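# Topology and contacts: notes
One letter stands for each residue in the lines below.
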Amino acid sequence: MKTKKILFFTIAVFCFTFMAEAQRGVRIGYIDMEYILESVPEYKEASIQLEGKVQRWKQDIEKKQKEIDQMKLNLANERVLLTKELIDEREEEVKIKEDEMLQYQQDRFGPNGDLMIQRRQLVQPIQDQVFNIVQEVAENKKYDFIFDKSADVVMLFAAKRNDISDLVLRSIERAGRRVQAADKKEKREIEQRDKLSLEEEGVVTEKEKAVQEKQEEREKIVEAKKSEREDMMAQRQIERDSLRAVKKAEFDLRRQKIIEEREQRKDSILNARQNQNNTPKGDG
């Protein structure tokens, strides 16, 4: 069903483009989001750090699984020597460990786990920046359509001359250099070089000042959205930590209950044996 929808959308776009072409020249461009992300140094560095966390999480899961496998092996080897009550206790301990491992796995790699959340935090700011730049480029260079080559829409053919990924990437790099400018003089020099570069690319219009103010307003909106997302993610993290604390408390309570019940049974067995030994034997 999804493939049919994508195909229908693609056909509709090309039909519309064909009809519009008869009236005027239609400008179509595209970007490759994957290429842009891989070319942004901050994204690459953060991706490496995230991959390090993923490997540590996987190691933790493997360690937990080995502990569970060893517990099962020990139980299998000692089963013939244990009473039914002790077997049930050991199986309950294995089940608790398995539940704990599955919960850890879900917290890290589940649909709402740490991996998905941190990936969204990593990609979203760049996607917002790309969206704003694409809007500006489309307005200034009179594009009718701009697609994302790496998205679901099927592109049967894409001429390289319509790829504006490098144009978007250069805009991102210019914004980064402006942020990193050490003083006002350096910032003015960078902005002047950027202005010349933009003129060469045919992006700057006569209303450059208005466009610049509009860009600054968009950057403020993006920054506000970023701050809002960070607050939301922090709140979700607090909720997850609270939920984990509750589950850990339940786990500790169950474990303590098992230990207490085990000790009570041991005491009962010892008392029964002592009473049996203290009972006088008949003269027979």
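As named in an unreviewed UniProt entry, the chain is Outer membrane protein, taken from Aequorivita sublithincola. Reading the Sequence similarities (unreviewed entry) entry of the UniProt record for the chain gives the comment "Belongs to the Skp family."

On to the overall build of the chain. Helix and strand counts for the chain stand at eight helices and two strands. Within the chain, the fraction of its 284 residues that count as buried is 26%. A total accessible area of about 20,700 Å² is found for the chain, and carbon and sulfur atoms account for 53% of it.

Any two side chains of opposite charge can pair if their charged atoms end up close together. Per the counting criterion, the structure on display carries six salt bridges. A salt bridge links Lys95 to Asp99, with the shortest nitrogen-to-oxygen separation between them at 2.9 Å. Residue Lys95 and its partner Asp99 are located together in helix α4 (residues 84–109), separated by four residues, close to a single helical turn. Lys95 sits in the partly exposed class, given a relative accessible area of 39%. A residue is classified by how much of its surface remains accessible, and Asp99, at 29% relative accessible area, is partly exposed.

Bringing the packing of aromatic side chains into the picture now. In this structure the tally under the stated criterion is two aromatic pairs. When the ring of Trp57 is compared with that of Phe109, the centres are 6.0 Å apart and the planes differ by 80°; the resulting orientation is edge-to-face. Highlighted residues: Trp57 in helix α3 (residues 41–78) and Phe109 in helix α4, separated in sequence by 52 residues. The buried category is assigned to Trp57, whose relative accessible area is 10%. Looking at Phe109, the relative accessible area reads 28%, which means it is partly exposed. Measuring from ring centre to ring centre gives 6.2 Å for Phe145 and Phe147, while their planes differ by 10°; the resulting arrangement is stacked.

Turning to the packing of α3 against helix α5 (residues 114–140), a few remarks are in order. Where α3 contacts α5, the axes come no closer than 11 Å and their chain directions differ by 180°. Taken together, the axis directions place α3 and α5 in an arrangement best described as roughly antiparallel. Where α3 abuts α5, its residues Tyr43, Ala46, Ser47, Leu50, Lys53, Val54 and Trp57 lie against Asp114, Leu115, Gln118, Arg119, Leu122, Val123 and Ile126. Broken down by class, the residue content of the contact of α3 with α5 amounts to nine nonpolar, two polar and three charged.

The next thing to look at is the packing of α3 against α4. Close contact between α3 and α4 brings their axes to 10 Å; oriented N to C, the two are set at 165°. Here α3 is positioned roughly antiparallel relative to α4, judged by the angle of their axes. In the crossing of α3 with α4, the sense of the turn from one axis to the other is left-handed. Partitioning the contact of α3 with α4 into residue classes produces 10 nonpolar, three polar and 12 charged.

Parameters at a glance
- Residues numbered from 1 in each chain as written.
- Predicted model: local features only at pLDDT ≥ 70, side-chain atom pairs only at ≥ 80, totals over all residues.
- Heavy atoms only, no water.
- UniProt positions renumbered as here; feature names shortened; annotations may be inferred.
- Helix = DSSP H or I, 4+ residues; strand = E, 2+ residues; numbered from the N terminus.
- Buried < 20%, exposed > 50% of the residue type's maximum accessible area, 1.4 Å probe, protein only.
- Areas by Shrake-Rupley, 256 points an atom, 1.4 Å probe, with all protein chains shown as cover.
- Salt bridge = Lys/Arg side-chain N within 4 Å of Asp/Glu carboxyl O.
- Phe/Tyr/Trp six-rings, centres within 6.5 Å; stacked < 30°, edge-to-face > 60°.
- Axes fitted to C-alpha atoms, helices over the stretch in contact; angles between N-to-C directions.
- Parallel < 35°, antiparallel > 145°, perpendicular 65-115°, else oblique.
- Contact = heavy atoms within 4.5 Å.
- Nonpolar A, V, L, I, M, F, W, Y, C, P; charged D, E, K, R; others polar.
- Left-handed = near helix turned anticlockwise from the far one by under 90°.

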